[in-house]
Each structure stands twice: as structure tokens, then as C-alpha cells.
Amino acid sequence: MALKITVIGTGYLGATHAAAMAELGFEVLGLDVVPEKIEMLGRGEVPMFEPGLEDLLRKHVAGIEGSTGRLRFTMDWAEVAEFGDVHFVCVNTPQKHGEYACDMSYVDAAVESLAKHLSRPCLVVGKSTVPVGSADRLAARLLELAPGGAEVELAWNPEFLREGFAVQDTLHPDRIVVGVRSERAEKLLREVYATPVAAGSPFVVTDFPTAELVKTSANSFLATKISFINAMAEVCEAAGGDVAKLAEAIGHDDRIGKKFLRAGIGFGGGCLPKDIRAFMARAGELGADQALTFLREIDSINMRQRGQMVELAREALGGGPFLGKRVAVLGATFKPDSDDVRDSPALNVAGQIHLQGGQVTVYDPKGMTNARRLFPTLGYADTATEAVRGADVVLHLTEWREFRELDPRELGEVAATRLILDGRNALDPELWRGAGWTYRAMGRPTA
Ligand code: UDX
């Protein structure tokens, strides 16, 4: 009999994981504690913008014409416990208010709510990003609460999906990491992931702490790479170099690699910033804080980029206050192909200029609703052209394809001044200069 799978928590991670499990051929039951989410997903609608996710859901959600019917949603813990052979815990672990540590209350609540109903053999698999040591603690909690006793086991299986590529990353992961304590647990997870493993995804088996650490260390490495190149951008600014050329040149060394070396206003989103902070907090608790003090520098280099973008804009406008200046902001999301504005560097820059008296108008292809909710006092326009109309300066802050495909000549007709600052080093300077614009990017004073 094919395994039956449940997915607890249906945010980015859970909704994608549930749909992907159905795509792999399993019967899947998703659970969330928010009724609106369950209703939407049950209609095959996704509460966020994620390319390909809605199509995949509609392909499998029961009750939708032509679907396989393999995917259903519920709010009933007992039903989930009764149904599943493997339960994936996919709830979020946000940063705690006023602290670096992450908030484990959703994970703890999910495991406790589920455990009480687990009376038959099953595997509970944590996917959330958690501080190292959590799996150990949760395994003990399961044993304490589950009526099924030792037949109810825990495993840890971190998730590495990127927003904007969530479906692709889940169906074709570049590695599958499982922290297990028994052969049975490993065997079950090999069964779950048989299709991607057969297609070549490496399957790495570890203990609990290593599995938890793989995730936080991978994100720390990525954050470090971005802050490294942004530090080089600062040096290039001071020395008159060109950070884009520099990144290209060092990237040819395949020990360094080309990816994640785009200088600009830095990283944001719901993962990298909070994950490196939670990692520092956890290392402190373990007495290993010295090992991670460098992450403090990574974080501060990153946060500094936002302020530097604001200063670049101020200088470009003549160096005075922003009062009365019209500033067009292209991009609100923390990265393209997402509607996520959590800790978005673009909105942070827009907000800073607005608070200093600038008249800021923002346009983003998908992030407008979320941006308006977070920063209701900023100006918003329905198109890039409308945002740029009458602007004294244009800031390119999220590298959407739509912005690379803008016609600088047409845009030049509506701008008050043809002045563009590229906060993502993603536009073609020649193209914009050719259309009469002054182009300036971070870390490229002479480019
Ligand atoms: C990240 C990890 O990549 C993923 O593996 C993990 O599971 C969750 O966190 P995500 O938050 O979707 O994924 O975004 P990512 O693509 O990593 O980008 C993070 C931020 O870094 C974005 O704000 C992006 O604009 C920025 N970035 C990325 C740069 O500034 N320069 C780069 O070269 C690359």
C-alpha cells in the first residue's frame, strides 16, 4: 500500500510540499489552523504568488474538475492522525519580538496537538527551520504524549526551497537531508522521496543535530556570500572599482562560483535575516557564540546597504534633504517572482526616503497588496510608467524581468529627470545611457 502523507501548516513550505507529494503519487491531507487558508486551498487557490503552485494544486485538489483528487485539506487533528503514515510539520518559526531567537511556539503547538492523537505507527517529520537541539527535545515530547508510544517516531528533514522556485525545488531538490534515529525512519523517507532520488537527487542521512545544522549553515553561507560581495562593493565605491566586473572575474574560479555574488541592497525575506540571527542566538546558548560572531558582521554589512542606497539617492539629487523630491521606486518584494515583502530591502529604502520627506511612489508587479498593507503611507502606482511620471530619480530595487524589459526611451519621456539608480546591479547601463539617462549602480562608481 502506498504511504499516506499529511502536511501540517500550509504556508509557502507546506502548501508547496503538499502539492508536490500529491504530484509524486501519494494521497495527501493538509492541515492548517487558519480556516480561510483551508477554504482557499480547498478551492485550489493559493494565498500567495508562487509560480506554478496554483496549477499543481488544481491538478490534485479533490473536488476540482479533472483533478486526481489525491489532495485534501482539513482542520481536524484526529483525522490527520488517523490518516497519515508520515506527517510533515511545515509551520513557520519567525523571529521573536525584541530577540534574535526564533519563536518555536508554532512548531511546539503543532507537535503537541498532533501527538495526542497518534495511536498508530507513524513517522513525524520536521521540516521547519529550527534551532539545533529542537528535534531531540520534540522526540522526547512525542514519546511522552503519543498513545502509540515508541511506534511513533520523529525524523528531521530540512527544506531548502527558494521562493519563486518553490515547486521546482520541491519536485527536483538538489539534495535531500534526513536526520533519523532508526532504519525504519530512513526506509520510510526513502520511500517518500523515491522519485527524486531515482532522478538523481542525493540522499544524505545524518543524526538530528547535523540535519538541523545543515539548514542554518547553508543559509548562513549564502548570507555570507551576499554580504561578502556587498563589502567588496563598498571598497569599490571607495577605490573607484567596478564590483560587477569583480564578481564576474572571481566567479570564474569554480571554487568561488558565480552565483549569489550580485551586489546591491542586500538580502531580505522571511528566511536569511531571521535564520542567521536565530543561529547566533542558539550558538550563544550552546556556549559556541565565538564561532558565529562573524554573522553579526554579515548582518550589519547587509543592513548597511539599505542606508547606502538612501545616501546614493540623496547624493544623486544634489546632496540636500529629500523634502519635495519625487522618487520612483521600482520593486517592493524582497526578490523577484514572489509577492513576499517580509523584511524587504526595497520597501525599507522606500520607507526611509518617505520618512525623510521624499514623495515616494512604488510599483511592483506582484507585491502591491502586501506592500500597501505593510506601508500604507507610501504612494503607489499601477504601472512602472505611472510610478516614474514626474520623478526626479528612479530607484530600481527588485530585479523583476519586467524592469529589465522597460523601454528607457519611453520612460524618459515621462520622468522629470533621467536619473536611474540600480540597487540590484541588474539593468544594462549602456541601454539606459543610450536613451539619455544618468545611470548609477552600487559599487560601480565608474561603470
Ligand atoms: C533562502 C534560501 O536560498 C533557501 O535555500 C532557503 O530554504 C530559504 O531562504 P529565499 O528566502 O527564497 O531562500 O531567497 P534567496 O533566493 O536565497 O534570496 C534571498 C535574498 O538575497 C533576496 O533578497 C535576494 O534579492 C538577495 N540576493 C540574492 C542578493 O542580494 N544577491 C544575490 O546574489 C543573491
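Enquirer: Is there a simple way to think about the environment of alanine 198 in this case?
Expert: Turning to its location among the elements, alanine 198 is positioned in helix H9 (residues 194-198). In this structure, the C-alpha to C-alpha distance between alanine 198 and alanine 332, residues 134 residues apart in sequence, is 39 Å.

Enquirer: Looking at this structure, how should I read the nonpolar core?
Expert: Nonpolar side chains in soluble globular proteins tend to be buried together. By size, the foremost hydrophobic cluster in this structure holds 50 residues, and its most contacted members are Ile353, Val388, Leu395 and Trp437. Of all the elements, helix H14 (residues 345-355) adds the most residues to this core, at five residues. Not counting the four nearest positions on each side in its chain, valine 388 is found in contact with Ala328, Leu330, Val394, Leu411, Val414, Ala415 and Trp437.

Enquirer: What am I meant to see in the site of the ligand here?
Expert: Around the ligand there are 20 residues in total, and Phe160, Glu163, Arg262, Phe334 and Lys335 lie nearest to it. Between the ligand and the protein, one listed contact pairs an oxygen atom with a side-chain N or O atom of lysine 335 at 2.8 Å. Summarising the interface, the protein chains cover 94% of the accessible area of the ligand, which totals 670 Å² for the free molecule. Residue composition of the shell around the ligand, by class: 10 nonpolar, three polar and seven charged. Counting residues domain by domain, the shell around the ligand receives three or more from each of domain 1 (4-206) and domain 2 (221-440).

Enquirer: Got a minute to help me understand the state of the cysteines in this structure?
Expert: Chemically, a disulfide is nothing more than a covalent bond linking the sulfur atoms of two cysteines. Applying the stated criterion across every chain yields a total of zero disulfides. The closest cysteine sulfur to the non-disulfide-bonded cysteine 90 is located on cysteine 271, 13 Å from its own sulfur. Given the relative accessible area of 5%, cysteine 90 is considered buried. Free of any disulfide, cysteine 102 has its nearest cysteine sulfur in cysteine 271, 11 Å distant. Classification of cysteine 102 by relative accessible area gives buried; the value is 9%.

Enquirer: Just to check I follow, could you spell out helix H10 (residues 208-239) for this structure?
Expert: For an α-helix, 3.6 residues make a turn, and residues three or four places apart therefore share a direction. The terminal C-alpha atoms of H10 lie 47 Å apart, and with 32 residues this matches the ideal 46 Å at 1.5 Å per residue to within 8%. Backbone geometry just downstream of H10 places glycine 240 in the positive-phi region, at approximately 75°.

Enquirer: Would you explain helix H11 (residues 243-251) in this entry?
Expert: Every buried residue belonging to H11 is among Val243, Ala247 and Gly251, and all of these are buried. Buried residues of H11, seen end-on, are gathered within an arc of 70° and therefore sit on one face of the element. The elements touched by buried residues of H11 are H10.

Enquirer: Would you take a moment to explain the packing of aromatic side chains for this structure?
Expert: Pairs of aromatic rings are described using the distance from one ring centre to the other and the angle between the two planes. Scanning the entire structure with this criterion turns up three aromatic pairs. A centroid spacing of 6.5 Å and a plane angle of 65° characterise the contact between phenylalanine 88 and tyrosine 193, whose relative ring orientation is edge-to-face. Taken together, the positions of phenylalanine 88 in strand E4 (residues 86-89) and tyrosine 193 in the loop between helix H8 (183-192) and H9 put the pair 105 residues apart, joining distant regions of the chain. Across the ring face of phenylalanine 165, the terminal group of arginine 162 is positioned such that the distance to the ring centre comes to 4.3 Å.

Enquirer: What's the story with the domain arrangement of the protein chain in this structure? I'm lost.
Expert: Partitioning the protein chain into structural domains gives domain 1 (4-206) and domain 2 (221-440). The centre of domain 1, based on its C-alpha atoms, is set 33 Å off from the matching centre of domain 2. Across the boundary between the two partners, domain 1 contributes 17 residues, which contact 19 residues of domain 2. Taken over both partners, the interface formed by domain 1 and domain 2 buries close to 1,500 Å², and the fraction arising from carbon and sulfur atoms is 56%. When the area that domain 1 buries against domain 2 is broken down by residue, the three leading residues are Phe49, Tyr100 and Glu163, summing to 46%. Here domain 1 is connected to domain 2 by one salt bridge. Linking domain 1 with domain 2 are nine residue pairs in polar contact (both at pLDDT 80 or more). In terms of residue class, the side of domain 1 that touches domain 2 is made up of 10 nonpolar, five polar and two charged.

Enquirer: Quick question: what am I supposed to make of the pairing of strand E10 (residues 359-363) here?
Expert: Where a strand is regular, its side chains alternate between the two sheet faces. Pairing geometry for strand E9 (residues 326-330) and E10, over five bridges, is parallel. Pairing of arginine 326 across the sheet is with glutamine 359, part of E10. Note: E10 against strand E11 (residues 379-380), two bridges, orientation parallel. From the neighbouring strand, threonine 361 faces E11, where its bridge partner is glycine 379. Considered for its hand, the β-α-β crossover made up of E10, helix H15 (residues 368-374) and E11 is right-handed.

Enquirer: Looking at this model, I keep getting lost on the packing of H10 against helix H13 (residues 293-316). Mind explaining?
Expert: The N-to-C vectors of H10 and H13 enclose an angle of 50°; their axes lie 9 Å apart at closest approach. Classified by the angle their axes make, H10 and H13 are oblique. Handedness of the crossing formed by H10 with H13: left-handed. Residues Ser220, Ala223, Thr224, Ser227, Asn230, Ala231 and Glu234 of H10 form the contact with H13, whose participating residues are Phe294, Leu295, Ile298, Ile301, Asn302, Arg304, Gln305 and Gln308.

Enquirer: Can you walk me through the pairing of E9 in this structure?
Expert: The buried count for E9 comes to four of five residues, which makes it a mostly enclosed element. Following the chain from E9 across H14 to the adjacent parallel E10, one finds a crossover that is right-handed. When E9 meets strand E12 (residues 393-396), the two strands line up parallel, connected through four bridges. Across the sheet, valine 329 pairs through a bridge with leucine 395, a residue of E12.

Enquirer: Help me understand the side chain of serine 67, please; the structure alone is not making it clear to me.
Expert: When you line up the elements, serine 67 lands in the loop between helix H3 (53-60) and strand E3 (71-74). Non-local contacts of serine 67, meaning those with residues more than four positions away in its chain, are made with Arg58, Lys59, His60, Val61 and Ala62.

Cut-offs and rules
- Residues numbered from 1 in each chain as written.
- Predicted model: local features only at pLDDT ≥ 70, side-chain atom pairs only at ≥ 80, totals over all residues.
- Heavy atoms only, no water.
- Helix = DSSP H or I, 4+ residues; strand = E, 2+ residues; numbered from the N terminus.
- Core = buried A, V, L, I, M, F, W, Y, C linked by side-chain atoms within 4.5 Å.
- Buried < 20%, exposed > 50% of the residue type's maximum accessible area, 1.4 Å probe, protein only.
- Contact = heavy atoms within 4.5 Å.
- Near = heavy atom within 4 Å.
- Polar contact = N/O pair within 3.5 Å; in protein donor to acceptor, adjacent residues only side chain to side chain.
- Areas by Shrake-Rupley, 256 points an atom, 1.4 Å probe, with all protein chains shown as cover.
- Nonpolar A, V, L, I, M, F, W, Y, C, P; charged D, E, K, R; others polar.
- Domains from an automatic or database assignment.
- Disulfide = S-S within 2.5 Å.
- Expected span 1.5 Å × (residues − 1).
- Arc of directions from axis to C-beta.
- Phe/Tyr/Trp six-rings, centres within 6.5 Å; stacked < 30°, edge-to-face > 60°.
- Lys NZ or Arg CZ within 6 Å of the ring centre and 35° of its normal.
- Buried area = accessible area lost by both parts, 1.4 Å probe.
- Salt bridge = Lys/Arg side-chain N within 4 Å of Asp/Glu carboxyl O.
- Pairing = 2+ DSSP bridges.
- Right-handed = clockwise from strand over helix to strand, strands pointing away.
- Axes fitted to C-alpha atoms, helices over the stretch in contact; angles between N-to-C directions.
- Parallel < 35°, antiparallel > 145°, perpendicular 65-115°, else oblique.
- Left-handed = near helix turned anticlockwise from the far one by under 90°.

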